[in-house]
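The lines below spell out each chain.
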Amino acid sequence: EEAAGYSLPRSGCVFLSVNDQDKEAAVTLAQDFVDLGFTILATRGTYTALVSAGLNPPDVALVLKTHEGRPNVLDAIKNDEIQLFISTASRTADATVSSKMLSDARAVRRAALSTKRPVVTTIAAARAVAQALRTLQTQSVDVMAMQDYHPQYARKQKEEVAAGSAGE
């Protein structure tokens, strides 16, 4: 994330909205983020799963989807209330997923991407982010370009570019 120009937040609010297949894994994930000092802003189904598993306010709060009313997740995005987005896609083959819900999910992802904050779309990637944040709490990390790790390749590339321009 950091090498790609996104810095991982060290605190704040995590938006969490997962499909039904990921709800069980989301409980452990949410607890990891709470343990790291974050609060969770979850959509109704995810919120219900988290509260049923023992996570409670103020660690977890409910946010409405756009078609459920206001204030909703788009309002939270516009108000700069979310530092990290975790949203796993609903399966389009699922008969319970309406086109309105899919359209809302796309609008939320577009708005999230416009914030230049990290957007995570799989549970595996979200676990990796939590692990990275855990590491960042105890260690400093320097982000370097690949050429810094492998200077022999950077020299070779410069030589190839120079040879190519000399032949023109």
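Here's what I pulled together on the structure shown here. (Residues numbered from 1 in each chain as written. Predicted model: local features only at pLDDT ≥ 70, side-chain atom pairs only at ≥ 80, totals over all residues. Heavy atoms only, no water.)

What follows covers the overall build of the chain. On a plain count of helices and strands, the chain comes out with seven helices and five strands. Order of helices (α) and strands (β) in the chain, N terminus to C terminus: β-α-β-α-β-α-β-α-β-α-α-α. Here the chain holds 168 residues, and 34% of them are scored as buried. Once local pairs closer than 6 in sequence are excluded, the contacts in the chain between residues at least 24 apart make up 67%. With an accessible surface of roughly 10,000 Å², the chain has 52% of that area assigned to carbon and sulfur atoms. (Helix = DSSP H or I, 4+ residues; strand = E, 2+ residues; numbered from the N terminus. Buried < 20%, exposed > 50% of the residue type's maximum accessible area, 1.4 Å probe, protein only. Contact = heavy atoms within 4.5 Å. Areas by Shrake-Rupley, 256 points an atom, 1.4 Å probe, with all protein chains shown as cover.)

Attention now goes to the pairing of strand β4 (residues 84-87). Every second residue of β4 is oriented toward a common face, with Leu 84 and Ile 86 on one face and Phe 85 and Ser 87 on the other, all of them buried. Both strand β1 (residues 12-17) and β4 contribute to a ladder of four bridges, which runs parallel. Each bridged residue has a counterpart across the sheet, and for Ser 17 the counterpart in β4 is Ser 87. Where β4 and strand β5 (residues 119-120) come together, two bridges link them in parallel fashion. When the sheet's bridge partners are listed, Ile 86 is paired in β5 with Val 120. (Pairing = 2+ DSSP bridges.)

Another point: the nonpolar core. Judged by nonpolar contacts, the single largest core of 27 residues is most densely connected at Leu 16, Phe 33, Ile 40, Leu 50, Ile 86 and Leu 133. Setting aside chain neighbours within four positions, we find Ile 86 in contact with Val 14, Phe 15, Leu 16, Ser 17, Leu 29, Phe 33, Val 120 and Ala 126. Ranked by size, the runner-up nonpolar core spans 12 residues in total, among them Leu 41, Val 63, Phe 85 and Ala 111. (Core = buried A, V, L, I, M, F, W, Y, C linked by side-chain atoms within 4.5 Å.)

Any functional reading would require information beyond the geometric quantities listed.
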